[in-house]
Amino acid sequence: MALTYQQSRMVRATIPALKEHGERITSTFYRNMLTAHPELHNIFNDVNLANGRQPRALTAVILRFASDLNDISELIPRLERMCHKHCSLGIRPEHYEIVGKFLIAAFGEVLGPAMTPDVHVAWTKAYWILAKMLIGREEQMYRAFDKSWTDSAGAGGWRKFTVLKKVREAEGVFSFYLAPKDRRPLPGFMPGQYVSARFEMPGMGFSQLRQYALSDAPRAEYYRITVKRDRGMQVRKAGMVMSINPGLVSNLLIDERQRGDEIELSHPAGEIFLDTESPSSAPLVLISAGVGLTPMISMLEYTSEMQPSRPVSFVHGAQSEMPFEQHIRGLKERMPRLSVNVFKSRLADASLVGVDHEYDARVDLAAVGVQDLHLDHGAAEYYICGPEQFMVEMSDYLVLKGVSMSRVKFSPFSTGELEVKETK
Ligand SMILES: Cc1cc2nc3c(=O)[nH]c(=O)nc-3n(C[C@H](O)[C@H](O)[C@H](O)COP(=O)(O)OP(=O)(O)OC[C@H]3O[C@@H](n4cnc5c(N)ncnc54)[C@H](O)[C@@H]3O)c2cc1C
Ligand code: HEM
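Conventions we followed
Residues numbered from 1 in each chain as written. Chains lettered and ligands numbered in written order. Predicted model: local features only at pLDDT ≥ 70, side-chain atom pairs only at ≥ 80, totals over all residues. Heavy atoms only, no water. UniProt positions renumbered as here; feature names shortened; annotations may be inferred. Salt bridge = Lys/Arg side-chain N within 4 Å of Asp/Glu carboxyl O. Helix = DSSP H or I, 4+ residues; strand = E, 2+ residues; numbered from the N terminus. Buried < 20%, exposed > 50% of the residue type's maximum accessible area, 1.4 Å probe, protein only. pLDDT = per-residue confidence, 0-100. Contact = heavy atoms within 4.5 Å. Domains from an automatic or database assignment. Buried area = accessible area lost by both parts, 1.4 Å probe. Polar contact = N/O pair within 3.5 Å; in protein donor to acceptor, adjacent residues only side chain to side chain. Axes fitted to C-alpha atoms, helices over the stretch in contact; angles between N-to-C directions. Parallel < 35°, antiparallel > 145°, perpendicular 65-115°, else oblique. Left-handed = near helix turned anticlockwise from the far one by under 90°. Nonpolar A, V, L, I, M, F, W, Y, C, P; charged D, E, K, R; others polar. Expected span 1.5 Å × (residues − 1). Pairing = 2+ DSSP bridges.

You'll find the protein chain entered in an unreviewed UniProt entry as nitric oxide dioxygenase, with Cephalotrichum gorgonifer given as the organism. Per its UniProt entry, the protein chain bears the Sequence similarities (unreviewed entry) comment "In the C-terminal section; belongs to the flavoprotein pyridine nucleotide cytochrome reductase family."

This part covers the pattern of salt bridges. All chains considered together, the criterion is met by 17 salt bridges. Between Asp255 and Arg229 there is a salt bridge, with the nearest N and O atoms lying 2.8 Å from each other. You can see Asp255 sitting in helix α8 (residues 248-256) and its partner Arg229 sitting in the loop between β5 (223-228) and β6 (233-237), a full 26 residues away along the chain. Classification of Asp255 as partly exposed rests on a relative accessible area of 41%. When salt bridges with common partners are traced through the structure, they connect Lys160, Lys181, Arg198, Glu262 and Glu264 into a single cluster.

This part covers the UniProt feature "domain: FAD-binding FR-type" (unreviewed entry) in the protein chain. With numbering aligned to this structure, UniProt lists the feature "domain: FAD-binding FR-type" (unreviewed entry) at residues 156-275. End C-alpha to end C-alpha, residues 156-275 measures 23 Å, and it is 8% helix and 45% strand.

This part takes up the confidence of the model for the protein chain. Averaged over all residues, the pLDDT of the protein chain equals 91, while 94% of them reach at least 70. Across residues 419-424, confidence stays below pLDDT 50; counting only partners more than four residues off in sequence or on other chains, it has 12 contacts.

To continue, consider the domain arrangement of the protein chain. What the domain assignment reports for the protein chain is domain 1 (5-144), domain 2 (159-265) and domain 3 (284-422). For domain 1 versus domain 2, the distance between C-alpha centres works out to 30 Å. On the side of domain 2, 11 residues touch domain 1, which itself brings 11 residues to the contact. Buried area between domain 1 and domain 2, both sides added, is near 910 Å², and the carbon and sulfur share of it is 50%. Inspection of the region where domain 1 meets domain 2 yields 0 salt bridges. If you look at where domain 1 meets domain 2, you find 5 residue pairs in polar contact (both at pLDDT 80 or more). For the side of domain 1 that touches domain 2, the secondary-structure elements that each account for two or more residues are α3 (46-50) and α5 (76-89).

Helix α6 (residues 93-111) packs onto helix α2 (residues 22-36) with a crossing angle of 135° between their chain directions and a minimal axis gap of 9 Å. On the basis of the axis angle, α2 is oblique to α6. As α2 runs across α6, the sense of the crossing is right-handed. Touching Arg24, Ile25, Thr28, Phe29, Asn32, Met33 and Ala36 of α2 are Ile98, Val99, Phe102, Leu103, Ala106, Phe107, Glu109 and Val110, all from α6. Class assignment for the residues of the contact of α2 with α6 results in 11 nonpolar, 2 polar and 2 charged.

Taking 1.5 Å of rise per residue, the 15 residues of helix α4 (residues 53-67) would be expected to cover 21 Å, and the 21 Å separating its terminal C-alpha atoms lies within 8% of that figure. For α4, the complete set of buried residues consists of Gln54, Pro55, Ala57, Thr59, Val61, Ile62, Leu63, Phe65 and Ala66. The inward-facing, buried residues of α4 abut α1 (5-20), α2, α3, α5, α6 and α7 (117-144).

With that settled, consider the sheet that holds strand β13 (residues 381-385). What the 6 strands build is an open sheet, ordered β12-β11-β10-β9-β13-β14; its pairing is parallel. The sheet is open, and its two edges are formed by β12 (358-359) and β14 (408-410), each paired on a single side. Alignment of strand β11 (residues 338-344) against β12, held across 2 bridges, turns out to be parallel. Pairing of Phe343 across the sheet is with Tyr359, part of β12. In the packing of helix α11 (residues 365-373) onto the sheet, the strands contacted are β9 (284-289), β10 (312-318), β11, β12 and β13, and the crossing angle to β11 comes to about 175°. Along the sheet, helix α12 (residues 388-400) contacts β9, β13 and β14; its crossing angle with β13, the most-contacted strand, is approximately 160°.

Okay, here's the thing in structure tokens:
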């Protein structure tokens, strides 16, 4: 049911105080919720809870939604991203009851006496308007999932896969070829989409879920993911290099999962993809850094098989070794309109500079040039994936050169960021 005019005013009146105490809300909300429901540790990313990214992202969306209930058009892309993430994690309608209860209780703690019974009713209504929008969209997505994943309740479940092959692609980067244990053909996905992988964490007593982009074109027999070891912070102590807070899942996956081992995956999801249902023939510009090349490889691979004459520009920044480098360059034989520009910040051999568009620098789009960036086309499509600052710099350059933001798509590998840039 919609909020009355009076209720909207009550909700809006509390927003400045809630924003001011945002950090307190996010810490009390999750602490109390996870104490009462420790099973939710199996769903939430422990690291993003500890650093506050996840709580901040959720609270920010709710406050933004409530601040202008009549105009949520700007929020729509964010909602779509949340729903894809939620479905990839198996979030169910009953989870919304729990989140709503503890979130509004945290609002109450911050607002004190200002959280009158009427304000409480108004906030509960506002929360449920948003929650129902998300639940509705998520139900729709779960219904469209391949039935090998859906459980009896109809929500997303986990499917068991076996590691068919593990391949070293570069220093600290490995591909896993994953075949379904039930041997039934895998459903397709849109290049650019990802899966969540679920792991029991030794010594932690709960599972952790992480997303990995599908790094090959869709194949009925296997999915491929390509994972970079997250070493954490490197410090030198007594002449030795030590890792502080090494990534939980990437290290476990790379060190502990070998050919023949089992891995559980969610159904493919993700709102940023190459639309293979109504394919465009406009130039495709794929810009990535580091392991951000994984969704780009999937798009490139798909295009090389299905639209080999489409103009594609692959721009990548690596430290030294680049995963799939030879394979990508080799695709030029099949794709006459493929251009490859690789920037290495630690080029091993200085004589390579300028050869085959290889540069000894960080990615510099000005060096790539108008033609390879298809700046004069007017309908070229741009996909960017890499660290946040990288994505911002790349898109700023494109915008400066007259590219409309509607043609630029970002695939962030982290939670709740790029909010401002996406809507500019
Ligand atoms: C849609 C999507 C697609 C993705 N695709 C890929 C992909 O194709 N390939 C890929 O390799 N990755 C991908 N990722 C990233 C991946 O999901 C994981 O985030 C990544 O593997 C790191 O997970 P982890 O468990 O190893 O690290 P985590 O344990 O989650 O740690 C993450 C970082 O936090 C730091 N950290 C942890 N604890 C602390 C602390 N107390 N203080 C300070 N810092 C701390 C760690 O040092 C580390 O750098 C993708 C992410 C998304 C959202
Ligand atoms: C109205 C309710 C909710 C809102 C507004 C909301 C909002 C968000 C947002 C903004 C993100 C980050 C998306 C991204 O950047 O990729 C997110 C991710 C997530 N949400 Fe929700 N959410 C809601 C309900 C829930 C519920 C009910 C659960 C489960 C109990 C849940 C669990 C998660 C998890 C586990 C993630 C991924 C976190 C991570 O990767 O760190 N959310 N949500």
